[in-house]
Amino acid sequence: MSKCEQCIIKQFNSLKALTTDELMRISGCKTSMFIKKGEVIFEEGEMLNGVYCVKDGICKLSKLSANGKDQIVKMVVKGQLLGQRSLISDESSNLQAVALNDMEVCFIPKSEIINDLKNNSKFSFEVLKEMASDLKEADDVIVNMAQKSVRERLAEALIYIHDSFGTNPDGSLSVLLSREDFANIVGTATESAIRVLSQFKKEGLISTVGKQIKIEDIEALKRVE
């Protein structure tokens, strides 16, 4: 088990504001967990007893709508924290977290995080900054849903995945998503997402092999309207 004070992952989230003594204390009570692709980390409506620090892998955060359709709100990657908002508000989670590939996470108990929030102002400020960033992202999603076409939203989703997570040696996107996942990211029907992806393929913007997608012309994809 790696020690928190020696872990480079903390530099990518609010834990970097903790002192060495605080990190050593957390290291003594955290739990390392390995999560398989497709496994649920926590459910919507679940009371969380701590936060998860993503050491490796990617997960999706989604919310079930009234019509029973999942809306993917965010993808959380290596270095980010899961569950801090619900922890601070002392409310049940309003999102579900599911692993998109095999993951390694560290679970930090609620009592430790709350204690540090109360006693370390730098840590509290870093947590607030991360929550403010999440709110900004949520604002952008709302505007995109209202003002942009499905073609624009899907093109932006492909570019975001390409820029954020990179590609495999063959040039295909490193994150393998189902067509339903793409539909849930942009807020449309699966059939619409499939149709638009087929259009992109015919226009030479992307190519596909099975579920794998490769961006062939990213500049043209940026100009999609």
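Residues numbered from 1 in each chain as written. Predicted model: local features only at pLDDT ≥ 70, side-chain atom pairs only at ≥ 80, totals over all residues. Heavy atoms only, no water.

1. What about the overall build of the protein chain?
For step 1, the next point in the chain: Helix and strand content of the protein chain: eight helices and 10 strands.
For step 2, the next point in the chain: Here the protein chain has a C-alpha radius of gyration of 19 Å; the compact-globule value for 225 residues is 17 Å, and the two agree.
For step 3, the next point in the chain: Expressed along its principal axes, the backbone C-alpha trace of the protein chain runs to roughly 55 × 40 × 30 Å.
For step 4, the next point in the chain: A total of 225 residues make up the protein chain; the buried ones form 42% of that total.
For step 5, the next point in the chain: On the protein chain, roughly 11,900 Å² of surface is accessible, and the fraction owed to carbon and sulfur atoms is 53%.
For step 6, the next point in the chain: Positive and negative charge centroids in the protein chain, built from 30 and 33 side chains respectively, lie 2 Å apart. (Helix = DSSP H or I, 4+ residues; strand = E, 2+ residues; numbered from the N terminus. Rg over C-alpha atoms; globule rule 2.2 N^0.38 Å. Buried < 20%, exposed > 50% of the residue type's maximum accessible area, 1.4 Å probe, protein only. Areas by Shrake-Rupley, 256 points an atom, 1.4 Å probe, with all protein chains shown as cover. Lys, Arg positive; Asp, Glu negative; His and termini not counted. Charge placed at Lys NZ, Arg CZ, Asp CG, Glu CD.)

2. Observations regarding the sheet that holds strand β3 (residues 50–56)
For step 1, the next point in the chain: With antiparallel pairing, the four strands of this open sheet are ordered in space as β1-β8-β3-β6. Because the sheet does not close on itself, it has two edges, and the strands there are β1 (31–35) and β6 (81–82).
For step 2, the next point in the chain: Of the strand pairs in this sheet, β1 and strand β8 (residues 103–109) are connected by five bridges, and their pairing is antiparallel. Residue S32 lies in a different strand from β8, and its bridge partner there is C106. (Pairing = 2+ DSSP bridges.)

3. Re the nonpolar core
For step 1, the next point in the chain: One finds L158, I161, F200, I206 and L221 to be the most contacted residues of the largest nonpolar core, which totals 27 residues.
For step 2, the next point in the chain: Mapped onto this core, the elements with two or more residues apiece are β5 (70–76), α5 (150–165), α6 (179–186), α7 (190–202), β10 (212–215) and α8 (218–222).
For step 3, the next point in the chain: In terms of residue count, α5 provides more of this core than any other element does, seven residues in total.
For step 4, the next point in the chain: Sequence-distant contacts of I161, defined by excluding residues within four places in its chain, comprise M75, G166, L173, V175, L177 and F182. (Core = buried A, V, L, I, M, F, W, Y, C linked by side-chain atoms within 4.5 Å. Contact = heavy atoms within 4.5 Å.)

4. Let's talk about the packing of α6 against α7
For step 1, the next point in the chain: Taken N-terminus to C-terminus, the directions of α6 and α7 make an angle of 100°; their axes are 8 Å apart at the nearest point. As judged from the angle between their axes, α6 and α7 are roughly perpendicular. When α6 is examined against α7, the residues R179, E180 and A183 are found in contact with a partner set consisting of T190, A193, I194 and L197.
For step 2, the next point in the chain: Looking at side-chain class alone, the contact of α6 with α7 contains four nonpolar, one polar and two charged residues. (Axes fitted to C-alpha atoms, helices over the stretch in contact; angles between N-to-C directions. Parallel < 35°, antiparallel > 145°, perpendicular 65-115°, else oblique. Nonpolar A, V, L, I, M, F, W, Y, C, P; charged D, E, K, R; others polar.)

5. Brief notes about the packing of helix α3 (residues 110–119) against helix α4 (residues 121–147)
For step 1, the next point in the chain: It is at 5 Å that the axes of α3 and α4 come closest, and there the two elements cross at 110°. One finds that α3 runs roughly perpendicular with respect to α4. Across from I113, D116, L117 and N119 in α3, the residues of α4 making contact are S121, F123, S124 and V127.
For step 2, the next point in the chain: Tallied by class, residues from the contact of α3 with α4 come to four nonpolar, three polar and one charged.

6. Focus on the pattern of salt bridges
For step 1, the next point in the chain: Tallying each qualifying case throughout the model produces 13 salt bridges.
For step 2, the next point in the chain: In this structure, the salt-bridge partner of E44 is K63, at a minimum N-O distance of 3.0 Å. Taken together, the positions of E44 in the loop between β2 (40–42) and β3 and K63 in strand β4 (residues 59–64) put the pair 19 residues apart, joining distant regions of the chain.
For step 3, the next point in the chain: Looking at E44, the relative accessible area reads 32%, which means it is partly exposed.
For step 4, the next point in the chain: In this structure, D90 engages K110 in a salt bridge whose closest nitrogen and oxygen atoms are separated by 2.8 Å. Taken together, the residues span a long stretch of sequence, with D90 in the loop between α2 (84–89) and β7 (96–99) and K110 in helix α3 at a distance of 20 residues. (Salt bridge = Lys/Arg side-chain N within 4 Å of Asp/Glu carboxyl O.)

7. Some details on the packing of aromatic side chains
For step 1, the next point in the chain: On inspection of all chains with the given rule, the structure shows three aromatic pairs.
For step 2, the next point in the chain: Between Y160 and F165, the ring centres sit 5.8 Å apart and the planes meet at 85°, which makes this aromatic pair edge-to-face.
For step 3, the next point in the chain: A relative accessible area of 39% places Y160 in the partly exposed class.
For step 4, the next point in the chain: In this structure an aromatic cluster arises from ring pairing among F42, Y52 and F107. (Phe/Tyr/Trp six-rings, centres within 6.5 Å; stacked < 30°, edge-to-face > 60°.)

8. Structural notes on the UniProt feature "domain: HTH crp-type" (unreviewed entry) in the protein chain
For step 1, the next point in the chain: When the UniProt feature table is mapped onto this chain, "domain: HTH crp-type" (unreviewed entry) is found at residues 148–219.
For step 2, the next point in the chain: Counting secondary structure, residues 148–219 comes out at 54% helix and 11% strand; the distance between its end C-alpha atoms is 18 Å. (UniProt positions renumbered as here; feature names shortened; annotations may be inferred.)

9. Quick notes on the UniProt feature "domain: Cyclic nucleotide-binding" (unreviewed entry) in the protein chain
For step 1, the next point in the chain: In this structure's numbering, the residues bearing the UniProt feature "domain: Cyclic nucleotide-binding" (unreviewed entry) are residues 14–110.
For step 2, the next point in the chain: When the span residues 14–110 is considered, its composition is 15% helix and 42% strand, and the gap between its end C-alpha atoms is 15 Å.

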